[in-house]
Amino acid sequence: MLNIALPWLEQPLRDALQRARSHALLVQGPAGVGQLEFALQLALSWLCEQGYGHQPGCGQCASCRLFASGTHPDFQLLMPEALEPLREALGLPVDEEGGKSAKSKTAKPSREIKVEAVRALLSFAQSTSARGRAKVAVIFPAEALNGVAANALLKTLEEPSGLLRFALASHDSASLLPTIRSRCQPVPLGLPAREAALPWLASRGVDGAEGLLAATGGRPQQALAWAEAGLTDAAWQALPKRIARGEVQALADWLPARIIDALQRICHDLLRRLHGQKPQFFDTASLPALRKAGPLLAWEAELRRAARHADHPLNTGLWTEALVAQAQAAFVAAR
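First, a word on scope: everything that follows refers to the structure included in this document.

**Some words on the state of the cysteines**
Okay, so step 1: A complete count under the given rule lists zero disulfides for this structure.
Okay, so step 2: With no disulfide of its own, Cys64 lies closest to Cys61 among cysteine sulfurs, the gap being 3.5 Å.

Structure, rendered in structure tokens:
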């Protein structure tokens with residue numbers, strides 16, 4: 001069963017369906033608030049045989065049942081090979097081919113949407129609708145389209161055949177080609193209200209939901225992912241002082257990009273506290289009291305440089321030790 005229900009998306013979905021004036025919508029906003037789920041809800045609504053695309057899918061008609069089972073013949077979801085586990089988590093059939101070449105089947109899954117996958121999508125777009133209504137393509141994340149793939153999509157995006165509709169979902173719409181953005185009607189998604197996010201997290205069994213929601217900057221899906229990875233609010237709040245003591249073990253088993261992200265959040269909140277502002281990601285009591293901004297600003301610059309290599313450090317263990325030592329030195333210098 002397709003799992004795309006997020007309570008904070010209900011009203012924005014109704015608004016988008018009422019205001020849609022284009023065959024292509026670009027759902028954009030910060031990561032972790034449900035762009036993909038929103039795009040899938042758009043697709044469900046456009047294909048619904050009761051609401052005619054102007055209200056949320058009824059969930060009862062034959063089309064909605066096909067969509068919920070992940071077997072609708074007039075729907076396609078295009079995403080990078082590296083995100084295939086997400087397709088499975090949503091309850092959609094895993095794309096065994098996905099536009100892969102024989103070579104790519106033995107290579108590391110790509111984070112890009114390649115031209116072969118777009119060509120397969122265009123073949124779907126040109127075929128007759130199986131149910132005689134709309135055909136819908138969802139692309140996520142749209143910024144994963146490489147240059148060749150994006151250019152291959154342009155003509156169909158501008159002049160779709162029949163009742164073809166697109167929902168592009170993006171965490172970084174600024175990186176999309178201007179020619180892609182200009183062919184889409186933007187649908188901005190903001191951070192959900194805490195009153196909607198916290199009950200949802202609690203319903204998913206997240207302890208310390210309020211702290212983890214703050215830790216992620218108000219992104220409930222990211223908070224859930226962190227909780228499912230074993231991070232607790234207590235462990236998160238203990239992180240700044242553990243780093244100040246040079247405890248490399250505090251970051252054990254973390255992926256490099258996540259390590260950089262956590263250290264940047266610590267640095268950000270230390271600078272906010274130093275300037276008399278309330279921390280954004282940590283409780284005030286969790287942060288050491290520092291007096292000098294210069295070392296923290298230098299540390300922030302070093303973290304930006306380190307982020308460029310976070311996807312492929314030569315030796316993750318040594319790289320992490322170096323980052324913690326660098327952080328500890330910044331703490332000492334800023335006292």
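After presenting the structure, the write-up continues.
**Notes on unusual backbone geometry**
Okay, so step 1: The amide bond that connects Phe140 to the next residue, Pro141, takes the cis arrangement and shows omega of -20°.
Okay, so step 2: As for its position among the elements, Pro141 is in the loop between β3 (135-139) and α6 (147-158).
Okay, so step 3: For Asp253, which is not a glycine, the phi torsion comes out positive at approximately 70°.
Okay, so step 4: Examined against the element boundaries, Asp253 turns out to sit in the loop between α11 (233-244) and α12 (256-274).

**What to know about the side chain of Glu37**
Okay, so step 1: Here Glu37 lies in helix α2 (residues 35-47).
Okay, so step 2: We note that Glu37 is buried and unpaired, the nearest opposite charge coming from Arg204 at a distance of 7.9 Å.
Okay, so step 3: Among the polar contacts made by the side chain of Glu37, one reaches the side chain of Gln221 at a distance of 2.8 Å.
Okay, so step 4: When residues no more than four places from it in sequence are discounted, the contact partners of Glu37 are Ile4, Leu6, Leu9, Leu90 and Gln221.

**Here's the deal with α2**
Okay, so step 1: Helix length check: α2 (13 residues) gives 19 Å between terminal C-alpha atoms against 18 Å at 1.5 Å per residue, within 8%.
Okay, so step 2: A large share of α2 lies buried, amounting to 13 of its 13 residues.

**As for the sheet that holds strand β4 (residues 164-170)**
Okay, so step 1: Strand order in this open sheet of five strands is β2-β3-β4-β1-β5, and the pairing throughout is parallel. Whereas interior strands pair on both sides, the edge strands pair on one side only; in this sheet they are β2 (75-78) and β5 (185-188). For this sheet, the mean angle separating the axes of adjacent strands, direction not counted, is 20°.
Okay, so step 2: Of the strand pairs in this sheet, β2 and β3 are connected by four bridges, and their pairing is parallel. Along β3, the bridge assignment pairs Phe75 with Val136.
Okay, so step 3: Across the sheet, α2 touches β1 (24-28), β2, β3, β4 and β5, and the angle it forms with β4 is around 165°.
Okay, so step 4: The sheet strands contacting α6 are β1, β3 and β4, and the helix crosses β4 at an angle near 130°.

**Notes on the packing of α11 against α12**
Okay, so step 1: Between α11 and α12, whose axes approach to 11 Å, the crossing angle comes to 80°. Of the possible angle classes, the one that applies to α11 and α12 is roughly perpendicular. Side by side, α11 and α12 meet where Trp236, Leu239, Pro240 and Ile243 of the first sit next to Ala262, Leu263, Arg265 and Ile266 of the second.
Okay, so step 2: Its residues assigned to classes, the contact of α11 with α12 shows seven nonpolar, no polar and one charged.

Rules behind the numbers
Residues numbered from 1 in each chain as written. Predicted model: local features only at pLDDT ≥ 70, side-chain atom pairs only at ≥ 80, totals over all residues. Heavy atoms only, no water. Disulfide = S-S within 2.5 Å. Helix = DSSP H or I, 4+ residues; strand = E, 2+ residues; numbered from the N terminus. Buried < 20%, exposed > 50% of the residue type's maximum accessible area, 1.4 Å probe, protein only. Lys, Arg positive; Asp, Glu negative; His and termini not counted. Salt bridge = Lys/Arg side-chain N within 4 Å of Asp/Glu carboxyl O. Polar contact = N/O pair within 3.5 Å; in protein donor to acceptor, adjacent residues only side chain to side chain. Contact = heavy atoms within 4.5 Å. Expected span 1.5 Å × (residues − 1). Pairing = 2+ DSSP bridges. Axes fitted to C-alpha atoms, helices over the stretch in contact; angles between N-to-C directions. Parallel < 35°, antiparallel > 145°, perpendicular 65-115°, else oblique. Nonpolar A, V, L, I, M, F, W, Y, C, P; charged D, E, K, R; others polar.

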